[in-house]
Amino acid sequence: MTTETTTPAAQRTATAALAGGVDTRRSRPLRWRKRRGPMIEDSRGIVSDADLRQPRVRRGMRVVHVFLTVTLVLAGLGPLLWLAKAAVTPTQDTLREPFALWPNGIDWANLSTAWNDIHIDQYFFNTVVIALGAWVFQMLVATTGAYTLSILKPRYHRVLGSLVLATLFIPSVVLLVPLYLTVVSPPFLGRDYSLLNNYLAVWLPMAANAFNILLVKRFFDNLPREVIEAAQTDGAGPFRLFWSIVLPMSKPILGVVSVFAVIAAWKDFLWPLLVLPDPAVQPLSVRLPAVQSQTELDVFLAALAIATIIPVVMFLAFQRVFLRSAGLGGAVKG
């Protein structure tokens, strides 16, 4: 038989929760003010509550909010919508009336021409392979590295964390030559072996991303230690703790890092151009500029529209993950 003990602080917290946010011992009750409608919590901001009660100020704030919303929508969606329109518009119409909605009809043949004649299908497949591989390696390194620094915490974890942070201050252009020499002649594999025209030459350098490691570590630091300690008490080893407890609680940050990894691999140009000289294995980011001078404008814009599909889909798929404030629903004991 076990006896549960409750600390005074926990009792006060429970009392405050049952009282609707009021702790009579240590804190004041939450203030609520009624303003011609639903209850609004008293808060501080640029505009005071007294000013917001004035109709003129409220109207001005609404105008500002509408203006900012419309501006952000146009700045964010405007280029994408124009590209989608231009992808099925003839070249002459795009040059003469770039903002007109298909003055001479829609040309759906641009998409099929871009897909077949420019071999967008092959380059699209290469880009998907590069993005998926980069995502796998980056997630593996970021989660295991952050797990080691935040949860396992070996004796040298502070020194190791400082070294990882220090790599962020090294300009990426400085690493191009050492990385290229390493790819041309990888250590421990012999001088005759090279990773050129091999996707590992793109995946492995992308995996060493200090920003992702520190980002995931910061999230792991805020995980509830009670759940982790309970799992360790029940006999969960490091791998079981990582796979069954830490990762299910970290879905929001995993979604964010996934989007960062895929987008970075999707738009990378310089490094794939250096290590993938064979056009047959190059991604869209490398091949599209190479075929631009040999392609009609409408077909080229259609190819660009096809290349933006995956980033847009990634954003639509993970937009809820960005906005989700808590991701602790997946932590189960088992």
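In the block above lies the structure referred to throughout.
Asker: Can you help me understand the pattern of salt bridges in this one?
Answerer: Once their charged atoms are close, side chains differing in charge can pair, the charge on each being opposite to the other. This model, assessed by the stated rule, comprises one salt bridge. For Asp-221, the salt bridge identified is with Lys-217, shortest N-O distance 3.0 Å. Remark: Lys-217 and Asp-221 occur in helix H10 (residues 210–221); sequence separation between them is four residues, near one turn of the helix. For Lys-217, a relative accessible area of 22% gives the class partly exposed.

Asker: Would you mind going over the layout of surface pockets with me for this structure?
Answerer: Any empty space left between atoms is shown by rolling a water-sized probe over those atoms. For the largest pocket, the calculated volume is near 940 Å³. As for the largest pocket, its lining consists of 28 residues, of which Ser-172, Leu-175, Pro-205, Ala-208 and Asn-209 are closest to the centre. The set of elements that each furnish at least two residues to the lining of the largest pocket consists of helix H8 (176–184), helix H9 (200–207), H10, helix H13 (251–267) and helix H14 (270–275). Counted as a void, the second largest pocket has a volume near 340 Å³. The wall of the second largest pocket is formed by 15 residues, among which Leu-77, Leu-80, Leu-81, Thr-308 and Val-312 lie closest to the centre. Among the elements of the structure, helix H3 (55–86), helix H16 (297–307) and helix H17 (309–323) are those that each provide at least two residues to the lining of the second largest pocket. In the lining of the second largest pocket, the residues fall into 13 nonpolar, two polar and no charged.

Asker: Looking at this model, I keep getting lost on the side chain of Arg-287. Mind explaining?
Answerer: Relative to the elements of secondary structure, Arg-287 occurs in helix H15 (residues 284–291). Despite its burial, Arg-287 pairs with no opposite charge, the nearest such side chain being Asp-278 at 8.1 Å. For Arg-287, the side chain forms a polar contact with the side chain of Gln-282, separated by 3.3 Å. Leaving out residues up to four positions away in the same chain, Arg-287 has contacts with Tyr-123, Pro-279 and Gln-282.

Rules used throughout
Residues numbered from 1 in each chain as written. Predicted model: local features only at pLDDT ≥ 70, side-chain atom pairs only at ≥ 80, totals over all residues. Heavy atoms only, no water. Salt bridge = Lys/Arg side-chain N within 4 Å of Asp/Glu carboxyl O. Helix = DSSP H or I, 4+ residues; strand = E, 2+ residues; numbered from the N terminus. Buried < 20%, exposed > 50% of the residue type's maximum accessible area, 1.4 Å probe, protein only. 1 Å grid on protein atoms, 1.4 Å probe; cavity = no way out; pocket = protein on both sides within 12 Å on 5 of 7 lines; lining within 4 Å. Points joined across faces, edges and corners; volume = space filled by probe spheres on them. Nonpolar A, V, L, I, M, F, W, Y, C, P; charged D, E, K, R; others polar. Lys, Arg positive; Asp, Glu negative; His and termini not counted. Polar contact = N/O pair within 3.5 Å; in protein donor to acceptor, adjacent residues only side chain to side chain. Contact = heavy atoms within 4.5 Å.

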